[in-house]
Amino acid sequence: MSQLDDVLSYLDAHRSEARARLFEWLRIESISTDPAYKDSCVKAAEWLQAELSTLDIRAEVAPTGGHPVVLAHTEGKAKKHALFYGHYDVQPADPLELWNSPPFEPVVKDGNIYARGACDDKGQMYMHVKAFEMMVKNNVFPCNVKFMIEGEEEVDIKQLIKEYKKQIKSYIKSVEKVGIENISEEKKKEYEETLERISKLESANEEPILKETDEHKKERDRKSTRLNSSHIPLSR
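Here the structure is a predicted model, which is why all the values come from computation and not from measurement. (Residues numbered from 1 in each chain as written. Predicted model: local features only at pLDDT ≥ 70, side-chain atom pairs only at ≥ 80, totals over all residues. Heavy atoms only, no water.)

Sorry if this is basic, but what is going on with the packing of aromatic side chains here?
How two aromatic rings sit relative to each other is given by the distance of their centres and the angle of their planes. For the structure on display, the rule yields five aromatic pairs. Ring geometry for phenylalanine 132 and phenylalanine 147: centres 5.9 Å apart, planes at 80 degrees, overall edge-to-face. Of this pair, phenylalanine 132 sits in helix α4 (residues 122-137) while phenylalanine 147 sits in strand β6 (residues 144-150), placing them 15 residues apart in sequence. Judged on exposure class, the residue phenylalanine 132 and its partner phenylalanine 147 are both buried. Taken together through their ring pairs, the aromatic side chains of Trp25, Trp47 and Tyr126 make up a single cluster. Seen from the ring of tyrosine 114, lysine 109 lies directly overhead, with NZ or CZ sitting 5.7 Å from the centre. (Phe/Tyr/Trp six-rings, centres within 6.5 Å; stacked < 30°, edge-to-face > 60°. Helix = DSSP H or I, 4+ residues; strand = E, 2+ residues; numbered from the N terminus. Buried < 20%, exposed > 50% of the residue type's maximum accessible area, 1.4 Å probe, protein only. Lys NZ or Arg CZ within 6 Å of the ring centre and 35° of its normal.)

Structure, rendered in structure tokens:
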């Protein structure tokens, strides 16, 4: 049996348990764009930190000027490293009348999970957590693993990079692969270029890592307009 078969068999055997745990996370209303949900964002970060801490990995909830980031890493002897970046924050669920079920009460229909964040990005990120769990339970470590799960992806990643550029530089210094969830190829290239620039930083007195270009401003304004629109697509 191949390693992939081992992973799939493990996940199948623990499917119900994993889904129940994911549903707990999805029920946390971690809406980063609304200050009223600040405590919920902290709760979502602490939930993930507790989940990772049950495995053979050092995890912490690190403060930022906004919502906290969850940082975690193994301390194995493998030469290769894999870094997984994702986020636990979600967009507002408005307009509620377009939902067929409560946005923060997950339901399964035709084999699909419907809830805010089920795809973007809690569901996708949790798949990596469960795959890592399989590695731990079966003592299979082809590489060291690092997680960087933030709470402001739906707002602005620049705050995270500004406050943790030394930490990020340390995280990616020996990384072989970077897993970035739920973004287009164009956006993925932008993040990879940013990470490459971070890796070349020599001191905290460098020029700002990200400067808001006209394209960034247009994207921010577009997202702000979309969040206030009455045609927000439902997350699945």
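Even after reading the chapter, I still don't get the pairing of strand β3 (residues 81-87), so can you show me in this structure?
In summary, the side chains of a regular strand alternate between the two faces of the sheet. The element β3 is extensively covered by neighbouring structure, given that seven of its seven residues are classed as buried. Burial of β3 is two-sided: the residues His81, Leu83, Tyr85 and His87 facing one way and the residues Ala82, Phe84 and Gly86 facing the other way are all buried. Both β3 and β6 contribute to a ladder of seven bridges, which runs parallel. Among the inter-strand pairings, leucine 83 is bridged to a residue of β6, identified as lysine 146. (Pairing = 2+ DSSP bridges.)

Help me out: how do you make sense of the side chain of threonine 64 in this one?
Mapped onto the elements of the fold, threonine 64 is located in the loop between β1 (58-62) and β2 (69-73). Taking relative accessible area as the criterion, threonine 64 reaches 15% and is therefore assigned buried. A polar contact is formed between the side chain of threonine 64 and the backbone nitrogen of glycine 66, at a distance of 2.9 Å. Within the structure, the side chain of threonine 64 is placed 2.7 Å from the backbone oxygen of histidine 67, a separation counted as a polar contact. (Polar contact = N/O pair within 3.5 Å; in protein donor to acceptor, adjacent residues only side chain to side chain.)

Remember, this is a structural readout, not a statement about activity or role.
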